[in-house]
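Each chain is listed here by its residues.
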Amino acid sequence: MEEQSRKSSKSRRETSVQGTNDSSIVSKCSTSTCGYFDDQFLHHFVAKRNRRAPLIHRGYYIRAMAFDKIFRRFLTDHSGNKKQIISLGCGFDSTYFRLKAANLLQDAVFFEVDFPDLVKRKHKIMECKEALMNLMEKRDKLPSSPHIEMSCEDYFLLGVDLTQLNTLEAALKMCGIDFDTPTLLFSECVMTYMTRRCSTDVVKWAAETFEDATFAMYEQMNPEDAFGLFMQRHFHSIGSPLKCINAFPTLDSQKQRFLKSGWTSCEVEDMNTFYYHCLPLSERIRVENLEAFDEYEELNLKYSHYFILVAFTKCPASEFLTQEPHSPDKTVPVTSGVAHIEKVPATNTIRRFGHASSQMTEGYVMTTGGFGEVDGRHQRLTDITLTDMNTMESHHLHTVSSDIQYSRMHHMSVSLSNGSTYLIAGRQSPYFLCSQMLKIDLDHKDRTSNSNADHIVTDVPPCSKCNDEIIKECDKDKEAISTQLCNVQICDSLCAKESDHNKSVEVNDKYKNSVCKEQSNCQSSFIQHYSCPFGTLRIEVVNQLGDLPCDRWRHAATAVCVDGVEKIFLHGGKRKNDEILDDAYLFDPSSNHWSRMPCRGASPGPRHSHSALYKEGCVILTGGLDDTQTPLRDVHCLDLATGVWERLDISGTLHARYSHSAHIVKDRLVLIGGVHLSHPPPGMAIVDLVTRSAVEYALPTPDNSNLLMLHRIMSVPVDSDRILVLGGGGNCFSFGTHLNHTPFIVNLASTFDNLD
């Protein structure tokens, strides 16, 4: 009975691992169908085609490109000679058919190995597909072995568990394999599901059995950070735990495993390095233009948690993976300590990313938009969240309007000294950008602390009948303003004087407000009011004038002071056509007027997902992604009086990063979180703006019960020593969506004490 239980448990594990093949082949087929690579045979192995997300496509694309590069190099190096290729854990892979159709398998024999049940399924599919069978020349007599499922002149399909190496070797011998012939063995996300001992036995067996062998492997790594733990949690939940990842967690440990197992040399790269250094720029541009994409953080994190390895029993004449000279940093980034993060007890957590947060008035933080969860479904959010910085209590206002673009991501929220907050640009999808600028004010006078519900108080678009009178009122006040800038209070008073003017009254709870019925010709902005325990929120669609910036998202913006006037500075971002911008604008809230800044000097260049801060007449720009989607580490300063950019020469340690948050505290630039191409992800950087020296601090050891991914976050200063962080996370490849439980505090006190 105990033996039967063990077999049943093993069978369930094998079934779960085989299930990853079924999901993988659908993703590969979708990637090929969308033009990322050419494979006309994958669809034969898919029962039902499904289009995957662009992030999935990018992940499978890089995997296909890595192996294609290895296949072509191996076949070219042994052109004109006999050679062999062995796929370990082949699944429904179509590599044989793709290479055969391209006439690349001359003098080559192809072997595929996987679980017996899976290869039987594959054999059955192949026999029903004429396009596949036409490429194969079946032998009349099949070798007499239950492990040989299919036998052709240059192709063999074997049903053998890779833990049974003696059986595998015997089956290969029956197929006529030559252990002295140059042989390429490859595995895609196979050995990580095996135990450390079993997978290492495969590595040793291959080195000892084949005279001239090349081993290519693609797998997961870096299991110890938040993304790695989330990734492990996913595979464990589907019954396919990554048994080997913690035994060989890094590039170096994987390389040493092969070198200690009899292999002469070994190349290994993470997929970020492969993408940026092993593919030509023209190919990267082609891929990036295939479909709209806006998951850079998750892509770079995914790439940093997968690697491609090539090992050799005989050293090749040159590098297999790349002929481009590069010096990737495989060492752990230098840090000077650990950032101090404190949990905040809060009953209403903020869980979203791609949002915007700012301190709209003393003691209150407003969070808008982003992507989060509603009733168990992940979607773009339309609510507005107000957080009391004293109690850390948050209140969610459920907005209602089809005319106001509440739902937006990767926008900017800029609060001015008078308490007004402006929401600038952003997107609803990569195909639909937000054109509306929203102005939001919080009025404390109507505070109703005993109410826990939010109410729409009024929705007032001023009427066209009032336009002429409004212009007169505005002229009296000498305000440079058009009919598009009419004030709702003026409109209300004028409509009240018109006894014969049609009015409707909307009653919501105890509030009563007049609403103009005539709206068809109204050119003025929509305005809504909401009540909450903290007061009344007034939301207005701003009618923008002047030299309007184009619609964009992932831009940077901050409040500045120019000639004694408070304005909003806007820089960069991304357009719908994927153009990365390098422009700068100023917005004057007193006139709703935009003007483009004629800047000169050392321009920061096109960038998005960066940060902008204001200090003493200057804008400080940090990080971001450039127009080749490469993370940046530079710091630029713009003198608003002269319009001259200067690149600051920063000494010490400062990592490239994007999708981070930034603050200036005590003449120090504080950068929190973000993403770059190395591992682990960046923690916190402190840049002294006086000495222009930088120090990096690592993230704390992740808590598996409360993972924090510090990208797509927002933060606001609580005081001179503490920064409140809100939201963060992302769609972690095919592993699911992670949303941070926030808020939490980054405490700078001890860090600054040590620096001082």
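Here, every reference points to the structure presented above.
Presented here is an overview of the structure given in this document. (Residues numbered from 1 in each chain as written. Predicted model: local features only at pLDDT ≥ 70, side-chain atom pairs only at ≥ 80, totals over all residues. Heavy atoms only, no water.)

1. So, the packing of aromatic side chains
Within the structure shown, the criterion is met by 33 aromatic pairs. For the ring pair Tyr96 and Tyr155, a centre distance of 4.7 Å and an interplane angle of 40° mean the geometry is tilted. Of the two residues, Tyr96 sits in helix α3 (residues 95–101) while Tyr155 sits in strand β4 (residues 155–159), which places them 59 residues apart along the sequence. Pair check on accessibility: Tyr96 and Tyr155 agree, each one buried. Here the aromatic rings of Phe97 and Tyr155 are separated by 6.4 Å at their centres, their planes lie at 40°, and the arrangement is tilted. On the criterion of sequence distance, the pair formed by Phe97 in helix α3 and Tyr155 in strand β4 is long-range, its members being 58 residues apart. Each member of the pair Phe97 and Tyr155 is classed as buried. One aromatic cluster is present, built from ring pairs that chain together Phe41, Phe45, Phe67, Phe71, Phe92, Tyr96, Phe97, Phe110, Tyr155 and Phe186. Lying across the ring of Phe248, Arg257 places its NZ or CZ 4.0 Å from the centre. (Phe/Tyr/Trp six-rings, centres within 6.5 Å; stacked < 30°, edge-to-face > 60°. Helix = DSSP H or I, 4+ residues; strand = E, 2+ residues; numbered from the N terminus. Buried < 20%, exposed > 50% of the residue type's maximum accessible area, 1.4 Å probe, protein only. Lys NZ or Arg CZ within 6 Å of the ring centre and 35° of its normal.)

2. Topic: the pairing of strand β38 (residues 661–665)
Among the 5 residues of β38, 4 are classified as buried, and the element is accordingly described as predominantly covered. In this structure, β38 lies alongside strand β39 (residues 668–672), joined through 5 bridges in antiparallel fashion. Within the sheet, the bridge partner assigned to His663 lies in β39 and is Val670. Where β38 hands over to β39, the hairpin turn is made up of 2 residues, of which Lys666 adopts a positive phi near 55°. (Pairing = 2+ DSSP bridges.)

3. Concerning the sheet that holds β4
Picture the strands of a sheet paired through backbone hydrogen bonds; they go either parallel or antiparallel. A sheet is described by the order of its strands in space; here 8 strands give the open sequence β3-β4-β2-β1-β5-β6-β8-β7, paired in mixed fashion. Each edge of the open sheet carries a strand with a single partner, namely β3 (148–151) and β7 (265–270). Pairwise comparison of adjacent strand axes, ignoring direction, gives a mean angle of 15° for this sheet. Looking at chain direction, β3 and β4 are connected through 3 bridges and run antiparallel. The partner of Ile148 across the bridge, within β4, is Leu158. (Axes fitted to C-alpha atoms, helices over the stretch in contact; angles between N-to-C directions.)

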